[in-house]
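Geometric and topological summary
Residue strings, one per chain:
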Amino acid sequence: MKYILAIIGMVIIFAGCAFLSITIEEAPVRNVMLKVYGGIIVFTGSFYLKKIAKFGKQ
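1. Describing the environment of Ile24
- When you line up the elements, Ile24 lands in the loop between helix H1 (2-21) and helix H2 (28-52).
- Separated by ten residues in the primary sequence, Ile24 and Leu34 place their C-alpha atoms 9.4 Å from one another.
- Sequence-distant contacts of Ile24, that is, excluding residues within four places in its chain, are made with Arg30, Asn31 and Leu34.

Put into structure tokens, the structure is as follows:
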């Protein structure tokens, strides 16, 4: 079960990184929004791995 939770956390972090890497030309406000959303998703994924999946404690 721990491995499934860890995989879910890593998928969440991967999705956040995808949002961080998206760049839309001629839309600077939308770029900033995507970066903020990506940062929030990465933080949520890190929190998920640390607290829920207990990935940091071996």
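Moving on, there is more to tell.
2. Quick word on the packing of H1 against H2
- Packing of H1 against H2 brings their axes to within 7 Å, and their N-to-C directions diverge by 165 degrees. Of the possible angle classes, the one that applies to H1 and H2 is roughly antiparallel. By crossing handedness, the relation of H1 to H2 is classed as left-handed.
- Of the residues that constitute the contact of H1 with H2, the class distribution is 16 nonpolar, seven polar and one charged.

3. So, a nonpolar patch on the surface
- The grouping of Phe19, Ile22, Val29, Val32, Met33, Val36, Tyr37 and Ile40 at the surface amounts to a nonpolar patch, some 710 Å² of accessible area in total.
- Residue contributions to the nonpolar patch peak at six residues, all from H2.
- Counting through the fold element by element, Met33 comes out in helix H2.
- Judged by relative accessible area, Met33 falls into the partly exposed class, the value being 40%.

4. Some details on the environment of Ala15
- Turning to its location among the elements, Ala15 is positioned in helix H1.
- By relative accessible area, which is 32% here, Ala15 ends up partly exposed.
- Along the sequence, Ala15 and Lys54 sit 39 residues apart, while their C-alpha atoms lie 20 Å from each other.

5. Side note on H1
- Between the first and last C-alpha of H1 there are 29 Å, a value that for 20 residues agrees with the 28 Å anticipated at 1.5 Å per step.
- Buried residues belonging to H1 abut H2.

6. Examining unusual backbone geometry
- At Glu26, a position not held by glycine, the phi torsion is positive, near 65 degrees.
- One can find Glu26 in the loop between H1 and H2.

About the criteria used
- Residues numbered from 1 in each chain as written.
- Predicted model: local features only at pLDDT ≥ 70, side-chain atom pairs only at ≥ 80, totals over all residues.
- Heavy atoms only, no water.
- Helix = DSSP H or I, 4+ residues; strand = E, 2+ residues; numbered from the N terminus.
- Contact = heavy atoms within 4.5 Å.
- Axes fitted to C-alpha atoms, helices over the stretch in contact; angles between N-to-C directions.
- Parallel < 35°, antiparallel > 145°, perpendicular 65-115°, else oblique.
- Left-handed = near helix turned anticlockwise from the far one by under 90°.
- Nonpolar A, V, L, I, M, F, W, Y, C, P; charged D, E, K, R; others polar.
- Patch = residues over 30% accessible without salt bridge, like charges linked within 9 Å, V, L, I, M, F, W, Y side chains within 5 Å.
- Areas by Shrake-Rupley, 256 points an atom, 1.4 Å probe, with all protein chains shown as cover.
- Salt bridge = Lys/Arg side-chain N within 4 Å of Asp/Glu carboxyl O.
- Buried < 20%, exposed > 50% of the residue type's maximum accessible area, 1.4 Å probe, protein only.
- Expected span 1.5 Å × (residues − 1).

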